[in-house]
Amino acid sequence: MEAVASMAFQVPDMTPALPEIFVLTMACIILVVDVFLPERRRALTYLLSLATLAGAGILTLALHEAEPRVTFGGSFVADTMADVLKVFIYLVVATVFVYSRRYLAERGLFRGEFFTLGLFAVLGMMVMVSARSLLTLYLGLELLSLSLYAMVALQRDSARAAEAAMKYFVLGALASGILLYGMSVLYGVAGTLDLAELGAQLSGPAARDPALVYATVFVLVGLGFKLGAVPFHMWVPDIYHGSATAVTVFIGTAPKMAGFALLIRLLAEGMQGLHVHWGQLLIVLAVLSMAVGNVVAIAQRNLKRMLAYSAIAHAGYLLLGIVTGSAEGYAASMFYVIVYAIMSLGAFGMILLLSRQGFEADHLEDFKGLNERSPWLAFIMAVLMFSMAGIPPFLGFWAKFTVLQAVVRAELVWLAVVGVVFAIVGAYYYLRVVKLMYFDRPQGSAPLPAGGEARFLVSVNGLAVLLLGIYPTGLMALCAGSFAAGG
Amino acid sequence: MKSVYVGIVLAPLLGTIVTGLLGRWLSREAVHRICIGGVALSLILSLVAFFHVVGGGETFNEPIYRWMFSDGISFEIGFLVDRLTALMIVVVNFVSLMVHIYTIGYMHDDPGYKRFFSYISLFTFSMLMLVMSNNFLQLFFGWEAVGLVSYLLIGFWYQRESAIYANMKAFLVNRVGDFGFLLGIAAILMYFNSLDYADVFRAAPLLQDVTVEVIPGLEWSVITLICILLFIGAMGKSAQVPLHVWLPDSMEGPTPISALIHAATMVTAGVFMVARMSPLYELSETALSVVLVIGALTAFFMGLVGIVQHDIKRVVAYSTLSQLGYMMVGLGASAYAAGIFHLMTHAFFKALMFLAAGSVIIALHHEQDMRKMGGLKRYMPVTYWTMLIGCLALIGFPGLSGFFSKDAIIEAVGESEIPGAGLAYLLVLLGVFVTALYTFRMFFLTFHGEERMDPHAREHLHESPAVVTVPLVLLAVPAVLVGWLTVEPLLFGGWFGEAIRVAAEHDVLARMGEGFHGALSMVLHGLLAPPFWLAMAGVATAWYAYLKRPELPELAKERAGVLYRVLVNKYGFDDFNQAVFGDGSVRLGRGLWQVGDVTVIDGVMVNGTARGVGRLAVVMRLLQSGYLYHYAFAMIIGLLVLLSWAVAA
């Protein structure tokens, strides 16, 4: 402590972190404003939250530079990957807010807490994405996690939601503890929290320290939990199923991108020298995730649970790119996670759109004969399901294609074959949804909700999956560009 | 000359495209005028080409259009026009034109009139492409294209069950032949690295001693292998035993087709091909021997079957089989010129016979059974006399075209020293008697004796219209004269030049040429030779058995019951094919479907894995108990497993 005190305090350069500062300020303002708002003016909170995200987006784009900008004593970085991921996080979260509005209002959840917690979660994700030291990384992760625990518990008179929140919190705490323990061993060996320095240290002779094996395993368990990889996946179905759908869609989309950033910052930047250790272990996690996720999804009757297992399987594919330890693989994984967020957003958005008061629309039966009731929505849902199954020319095909290509380039052909086999198994339950929509008789005849802006946005979402699938090169180049400099 | 050659091919193609695609908007007259005009133009141009080549013009051998160039091999459309080609295109176009004209009368009331014209023009185009080709790829294209048109025309009356059966049969049997043919072409591509005739013929002698191990431990000469594979193709197309079974059934098609495709032109494609490949066949005595023996067997045994047929067209069909056998025998004895010579004379007199038979059939309102004919001489004089000319030419009556060609073949076989020549000589000699017997049996049953048709048909009997009789007369002219005029240059004058190559030790025609003193002396000599007396014996037997004592055949049928049944069953080829290949493949298919598809693929693999995965999913779902401490426990177990894995590694 004396060392710190003796140092002359320098005001750090704030500009790279301006989007974070803006989001934090706005979140606090909304918190205060919301307290004084009468119930009927609640829409102002909603609009302010959207404006915050838009403002953060403008700031991020305006401040973007090709060269990484490091500040706060080396603990914060704004580079291309961070900026790209942040922009997608704003986009996804804003869409989640729009999708959720009617759902929340119908259930008496349209309150300021959802939006402020959401914005704090966004802040946590932004910090994670831009972290350049173990401490910042953990700080961002905890900010995100705590926000999410609270969001799950938002529906407090629902026993299922309370149970889910409890499970999430306890298991999340356990995982955070394990992760933190792994980080502490890393610090003990390398003597630094700075990820760049850590990376340099672990590429040298220090990498042979046997303690690092333990550190790697503990770190991986923590990461595996956050991503929902098997065997640390068990929270995922219960939390997805137990939360209000608006919260599920939040958990299921943007935090995946932050989780990807977590993996990259820790493994690729901090522990690239230990690739021999974590590469193998990640293969195990990836294969188990693809297998368990895809197989168990088949037995699900609830669409939210099915999508939860689908998320587990997708986490497996996401890991495939990281496993290679190459820039190409990282870029492929980044593409995968962005594509997954877009697809999953659309699928959950569809559940939100079809639900109404007292009816969740989250059972597979609820989708029977959707084509007869609304051919357009059935088409959009079919596009999303085809895309998730990885059928060309939809976006999901390219996502699977790029990670598998990276795996084959890394001479892990067997792993690619395993991936393809489980993708085929997975195609079954996605296509079952299509079959239910097009070939089965509708069960109820209740009119579909009007939808309004959410319906429009779901359509845009589905069409984006189709159009980006036909022209995937732009998004791919964006991801490749994020790793071009880093090599 | 290039534009002339291109024009020869394109004129009928244009006809078929215009009438085939725009036929709906054209009148019947317009359709047949366009098609006949196309073929007539093609005939005129081929005559120009013929006289150009005969007059000492350069042999044309050039590519017209390059389709693609891949891995050093050029795939082209090109023409080779030498004397062999020139002769073929004139024969093809002449017969085709006669058939075109005849069709106006024969198909007069048929609803498929326009379609028919489009098909036969397409056939003419394909056949010309085949004979004018200068490379194997185009040869194969023409080969398949004529096969396609043959298929379409056999099944022309597609509402008839029997026509569909017949065209399917023709198609399948030709597939067997084409399989061999394609393998032969593949072997050529593999060993010569070129598909061009000239390249292949130039390089062939170099490969004479190269062998290939077809079955382990069995070394074959590459040339022999190629020649036999190509000959398998010829066996299919030219209906040689045992791939002959489709030709009699092909008579389901309209009669003009039987004349054009299944007598005069397409079925002789195999003969033409072997003659064209003479530089290859001359290098392999084994292959020549195979050609010789297969041809001789076909010539004799198919002739025998002709004796017991009742359908007038089938008699002519079996006669065609037998004559194709003669042509093959000629080729096998290295007398390629004699084979081609017989091809030409046969084209004229056999087309004549078919068209005359067709004339009888229309006069009797599509009655083909000879037991319901007889005494037609009175009613149809033109048909009678032209048919008589055809029959005499067929049995080789001295002076008519068939005499020269058939006698030359028989004599060539007698001279040949190739293994199997002795047997072949015996068979072709006996074949002469058989030929005369079935030919005049048909002739007497149709035109002489008592009138057995039903009274109603008799009232309407009259000679056929001019569009039918004019082609008969026009075909009768070459049937009489062409042999007399061309025997000397074609056989002994080295007329074909470089187009046909014969090794000196095989050159039987040269040896025969020493004893040849002009057509007249050949005729006079023929009057004393055994083939003439065998033919006369055949005619006499037919006269005695079918006119003098008509009860005799019934008696013979009872006495020689076994022989009769063998012949009526056509040696059991059809029954065998039906039982083994037809029913066998159906059974095999059903077996594969039930065992392979339903049980193994659908049952075990598709549904089995699906059920397996489904069960696994249900079991694994149970792990998700919902208890928090189970989840935490699983995480710790996972941590420990990973840790021990990492430490162990």
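Here, every reference points to the structure presented above.
Residue positions within a chain follow its written sequence, with the count starting from 1. The naming scheme follows written order: chains are lettered A onward, ligands numbered 1 onward. Local features in this predicted model are restricted to residues of pLDDT 70 or higher, and side-chain atom pairs are both shown and tallied only at a pLDDT of 80 or more, whereas totals for entire chains, interfaces and linings draw on every residue. To obtain the side-chain values, all non-hydrogen atoms of the structure were included, while hydrogens and water were left out.

A.B. asks: Account for the overall build of chain A, naming residues and giving values.
C.D. replies: Helix and strand counts for chain A stand at 21 helices and two strands. In this scheme, a residue with accessible area under 20% of its type's maximum is buried, one over 50% is exposed, and one in between is partly exposed, where area comes from a 1.4 Å probe on protein chains only. With 487 residues in all, chain A has 63% of them scored as buried. Contacts: residue pairs with any heavy atoms within 4.5 Å of one another. For chain A, the share of sequence-separated contacts (at least 6 apart) that also reach a separation of at least 24 residues comes to 81%. Accessibility throughout is a Shrake-Rupley quantity obtained with a 1.4 Å probe, and a residue counts as covered only by protein chains that appear here. In the form shown here, chain A has an accessible surface area of approximately 17600 Å², with 68% of it arising from carbon and sulfur atoms. Secondary structure elements follow DSSP: runs of H or I of four or more residues count as helices, runs of E of two or more count as strands, with numbering from the N terminus.

A.B. asks: Before we move on, could you go through the packing of helix α4 (residues 80–106) of chain A against helix α15 (residues 327–354) of chain A and cite the residues and values that matter?
C.D. replies: Residues and elements named next belong to chain A. Where α4 meets α15, the axes come as close as 10 Å, and the angle between the chain directions of the two elements is 5°. With respect to each other, α4 and α15 are oriented roughly parallel. Between α4 and α15, the residues in contact are Met-81, Val-84, Leu-85, Phe-88, Val-92, Thr-95, Val-96, Tyr-99, Ser-100, Arg-102 and Tyr-103 and Met-334, Ile-338, Ala-341, Ile-342, Leu-345, Gly-349, Leu-352 and Leu-353, respectively. A per-class count over the contact of α4 with α15 returns 15 nonpolar, three polar and one charged. Between N-to-C directions, angles cover 0 to 180 degrees, with each direction set by a line fitted to C-alpha atoms, over the stretch in contact for helices. Orientation is classified from the angle alone, with under 35 degrees giving roughly parallel, over 145 giving roughly antiparallel, 65 to 115 giving roughly perpendicular, and any other angle giving oblique. All amino acids are sorted into three groups, where Ala, Val, Leu, Ile, Met, Phe, Trp, Tyr, Cys and Pro are nonpolar, Asp, Glu, Lys and Arg are charged, and the leftover types, Gly among them, are polar.

A.B. asks: Go over the packing of aromatic side chains, please, and point to the residues and values.
C.D. replies: When we look at a pair of aromatic rings, we describe it by the centre distance and by the angle of the planes. Residues and elements named next belong to chain B. Planes of paired rings set the category: under 30 degrees apart is stacked, over 60 is edge-to-face and the rest tilted, where pairs are Phe, Tyr or Trp rings (Trp by its six-membered ring) whose centres lie within 6.5 Å. Per the stated rule, a full pass over the model turns up 53 aromatic pairs over all chains. For the pair Phe-156 and Trp-157, a centre-to-centre distance of 6.3 Å together with 70° between the ring planes defines the contact as edge-to-face. Side by side, Phe-156 and Trp-157 carry an identical accessibility label, which is buried. Relative to Phe-404, the ring of Phe-403 lies with its centre 5.1 Å away and its plane at 70°, an arrangement referred to as edge-to-face. You can call Phe-403 buried: its relative accessible area is 2%. The exposure class of Phe-404 is buried, given its relative accessible area of 0%. Taken together, Tyr-384, Trp-385, Phe-440, Phe-443, Phe-444 and Phe-447 form an aromatic cluster joined through their ring pairs. Here the guanidinium or amino end of Arg-24 rests over the ring plane of Trp-25, the centre of that ring lying 5.7 Å away. Put simply, a charge is over a ring when the Lys NZ or the Arg CZ is close to the ring centre, within 6 Å, and near the line of the ring normal, within 35 degrees.

A.B. asks: Break down the environment of Val-271 of chain B for me, citing the residues and quoting the values.
C.D. replies: All names here are of chain B. For Val-271, the position within the fold is in helix α11 (residues 269–276). Look at Val-271 and you get buried, because its relative accessible area is 0%. Residues Val-271 and Gly-339, 68 residues apart in the sequence, show an inter-C-alpha distance of 7.4 Å. Residue contacts for Val-271: discarding those within four places in its chain leaves Ser-238, Leu-324, Met-327, Met-328, Leu-331, Gly-339, Ile-340 and Leu-343.

A.B. asks: I'd love a proper account of the interface of chain B and chain A, names of residues and values included.
C.D. replies: Chain B puts 23 residues into the contact, and the matching count from chain A is 33 residues. When a carboxyl oxygen of Asp or Glu is within 4 Å of a side-chain nitrogen of Lys or Arg, the pair counts as a salt bridge. Remark: the boundary between chain B and chain A carries zero salt bridges. Think of a polar contact as two N or O atoms within 3.5 Å of one another; within protein, one of them needs to be a possible hydrogen donor and the other a possible acceptor, and neighboring residues in sequence only count if both atoms come from side chains. Put simply, chain B and chain A have six residue pairs in polar contact (both at pLDDT 80 or more) between them. Among the elements of the structure, α26 (573–623) and α27 (628–648) of chain B are those that each provide at least two residues to the side of chain B that touches chain A. Considering each element in turn, the side of chain B that touches chain A owes the most residues, 13 residues, to α27 of chain B. When the residues that make up the side of chain B that touches chain A are grouped by side-chain class, the tally is 19 nonpolar, three polar and one charged.

A.B. asks: Outline the pairing of strand β1 (residues 60–70) of chain B, supporting the account with residue identities and numerical values.
C.D. replies: Put simply, side chains in a regular strand alternate between the two faces of the sheet. Residue and element names in this part refer to chain B. Two elements, β1 and strand β2 (residues 73–81), share nine bridges in a ladder whose sense is antiparallel. When the bridges of β2 are listed, Asn-61 appears paired with Leu-80. Here, any two strands with at least 2 DSSP bridges between them count as paired. Joining the antiparallel neighbours β1 and β2 is a turn of two residues, in which Asp-71 adopts a positive phi near 55°.

A.B. asks: Any chance you could break down α11 of chain B for me, citing the residues and the numbers?
C.D. replies: Within α11 of chain B, eight of the eight residues are buried, which leaves the element mostly enclosed by the surrounding structure. Listed in full, the buried residues belonging to α11 of chain B are Ala-269, Gly-270, Val-271, Phe-272, Met-273, Val-274, Ala-275 and Arg-276 of chain B.

A.B. asks: So, unusual backbone geometry: which residues are in play, and what are the values?
C.D. replies: Geometrically, the link from Val-230 of chain A to Pro-231 of chain A is a cis peptide bond, its omega value of 5° lying close to zero. Tracing the backbone shows Pro-231 of chain A in the loop between α9 (211–227) and α10 (235–242). Note that the residue after Val-241 of chain B, namely Pro-242 of chain B, is joined by a cis bond; omega there is 0°. As for its position among the elements, Pro-242 of chain B is in the loop between α8 (222–237) and α9 (246–249). Despite not being glycine, His-365 of chain B shows a phi value in the positive range, around 55°.

A.B. asks: Kindly report on the pairing of strand β3 (residues 211–215) of chain B, identifying the contributing residues and their values.
C.D. replies: Note that β3 of chain B and strand β4 (residues 218–221) of chain B share four bridges and pair antiparallel. If you follow Val-212 of chain B over to β4 of chain B, its bridge partner there is Trp-220 of chain B.

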